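# Chains, contacts and geometry: an overview
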Amino acid sequence: MTKSPLAYAGAVFCMLITMTLGMRDAHAVSIRASTDPVKDERPIKPEDKEHWAFKPLQITPDKTGIDALTGPSFPPADPTTLIRRLTFDLTGLPPTPEEVTAFSKAYIQNPASSIEQLADHLLASPRYGEHWAQWWLDLARYADTDGFEYDAERKHAWQYRDWVIDALNRDMPFDAFVQHQIAGDLMGDETATGFLFSCPDMPDLNNQSERRHVLLNDIATTVGAVGLGLTVGCAQCHDHPYDPISQADFYRLRAFFDNTVLTKNSKPLGPAVRVFTEGIPASTVFVRGDFKRPGPAIQPAIPRIFGTTPAKADRTALAQWLASKDNPLFLRTMANRLWQQHFGKPLAAIPGDLGHQGEAPTNPALLDWLAAELPRQNWSLKRLHKVIVMSKTYQQKTAAPTRLTGEMLRDAMLSISGQLNLKTGGPGVKLPLPKEISSTLLKTQSEITKDESEHTRRSIFAFARRNLRHPLFELFDRPDAQISCARRNASTTAPQALMLLNSDFAHNIAAKIAAQLNEQYGSDAAALITAATLRCLSRQPTSQEIEKGQKFLQKQTALTPGFREALADYCLALLNSNEFVYVD
């Protein structure tokens, strides 16, 4: 009998995690698999708590602040580089030519004040939450569909996405932000718990007990991965081979969620969690992770390595323990991820695994200082963003440019062409797909939002199909939302260049920019090149660039139907430059 795809989830989890996180080759260890995982549970030893990530935060009293702990090694970046970096970093969009000009003038008068005013302006913008929400949605494995064979649409999933955007924009304290996603239904904020139910699902699975088992395992795995930066899911079939987390620990963590999942055939997951009071199977360990082999009964509890659990603890207690100033692993995990988003790489190289198979931070004192700074800033992400961007370390020239994500590329292209629709919220927009893709899909999967003005909304509002990512997003490494993604790949491939050079989308953007500039500056080549460079690259062109651009326009005009088409080709070349695709 052929097994369903869900039946393999636990068996291949460790392999997927290893591939996803890009771990180093692991030394061989024996797997502890038992017919009684509670009876055979290995006790926690003092040396288990000596791992760097499990220890209390280590603060260096005589060194406070990012610069004191790093010592910038490069000179300051120029103002045009800084405004492009800050604007993309905090809002995911490029600055306008007018903003570049105004900031450059203000910077000459007072660099620190001009940067602070810019940071405050960007953090107060609604665009901030729209950009930073994608970071969290990657972690939450968010999509608008189920995945698997039928990839059915989830009609109300977007409500959770909008909750994340709104919470970030109003600077909801980060501890509460995380706690509500685990136990919001018990705190009067049930929409937040869409986090738990963002996982892939197969509603029509014949065996609903198997479906429930896999869903609950996914929830426990994701809570551990996102909140603790550990691969706790490795323990769903056997004791974790590297970290001090037993199979019983995994199912005790899962037990917090046992009363939230009661599946019914062909019924999709709800947009938010609810507590069931009847028909809930007893919380047990499952021998070898097999849903057909329930083992000893267990009570909800946090993993033993982190301490004891109060009697009758519920999800609220779990949430409050997890996102707490007294949980150094949570603080380190989030500080590491925040640093990664600002600087392109984390301090601890594998943000999804701070356990024994991860890597120690390159600057442990800085990581711990940042971790302690989050509660010191009253859990305000916006304040911590500002602490980072106001540092000389952040403002220095960089030797490692950061590539824009696919979503940022699309939004930037729409923005500089004046087409970006800033409407917020609501169901995901179903974008047009190339004919060679749409022709292979079921009718329901190739539907397009009828209102064409919706097609130019920000990418965060695009319908996120789990089995089919938009080609631009897929080529530029958007995760598939099968599991939590702590760090996106940043590949460089030929199809990326082909997409930006040959796609209808890129050509339409270039033509739009050319038409607007031609209307404004006529055939003044120097003015056109200056304006196009300022729009696309956020800086003035050099005299050499103007000279080369003029020669290009002259030659290209003879090869195209007219001057405007030649100008569109010049704009297309700018869109394909490394300087456009990369920040800095």
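Residues numbered from 1 in each chain as written. Predicted model: local features only at pLDDT ≥ 70, side-chain atom pairs only at ≥ 80, totals over all residues. Heavy atoms only, no water.

### Things to note about the nonpolar core
Applied cut-off: Nine residue types can take part in a nonpolar core, namely buried Ala, Val, Leu, Ile, Met, Phe, Trp, Tyr and Cys, and a core is a set of them joined through side-chain atoms within 4.5 Å. Residue exposure (1.4 Å probe, protein chains only): buried if accessible area is under 20% of the type maximum, exposed if over 50%, otherwise partly exposed.
Membership of the largest hydrophobic core comes to 105 residues, with the highest contact counts inside it found for Trp 136, Phe 174, Phe 177 and Leu 370. In this structure, Ile 416, Met 499, Ile 546 and Ala 566 belong to the second largest nonpolar core, which totals 44 residues.

### Details of the packing of helix H8 (residues 174–183) against helix H11 (residues 315–322)
The test is simple: Fitted lines through C-alpha atoms give the axes, limited to the stretch in contact for helices. The angle between two N-to-C directions lies from 0 to 180 degrees. Strands are runs of DSSP state E lasting at least two residues, helices are runs of H or I lasting at least four, and both sets are numbered from the N terminus onward. Roughly parallel here means an angle under 35 degrees, roughly antiparallel means over 145, roughly perpendicular means 65 to 115, and every remaining angle is called oblique. What makes a crossing left-handed is the near helix being turned counterclockwise from the far one by less than a right angle; a clockwise turn instead makes it right-handed. Residues are treated as being in contact if the distance between any of their heavy atoms lies within 4.5 Å. Residue polarity follows a fixed list, in which Ala, Val, Leu, Ile, Met, Phe, Trp, Tyr, Cys and Pro are nonpolar, Asp, Glu, Lys and Arg are charged, and the others, Gly among them, are polar.
The geometry of H8 relative to H11 is characterised by a closest axis approach of 9 Å and an angle of 155 degrees between their N-to-C directions. Considering the angle they form, H8 stands roughly antiparallel to H11. H11 is crossed by H8, and the crossing has right-handed handedness. Of H11, the residues touching H8 (which contributes Val 178, Gln 179, Ile 182 and Ala 183) are Arg 315, Thr 316, Leu 318, Ala 319, Gln 320 and Leu 322. The residue inventory of the contact of H8 with H11, partitioned by class, reads six nonpolar, three polar and one charged.

### A closer look at the pattern of salt bridges
Formally: Definition used for salt bridges: Asp or Glu carboxyl oxygen within 4 Å of a side-chain nitrogen of Lys or Arg.
Under the definition given, this model contains 37 salt bridges. Here Arg 488 and Asp 138 are joined by a salt bridge, their closest N and O atoms 2.7 Å apart. Of this pair, Arg 488 sits in the loop between helix H18 (471–475) and helix H19 (494–502) while Asp 138 sits in helix H6 (residues 126–139), placing them 350 residues apart in sequence. Neither residue differs from the other here; Arg 488 and Asp 138 are each classed as buried. Asp 166 is paired through a salt bridge with Arg 170; the nearest N and O atoms lie 2.7 Å apart. Where salt bridges share partners, they join Arg 127, Glu 130, Arg 410, Asp 411 and Arg 458 into one cluster.

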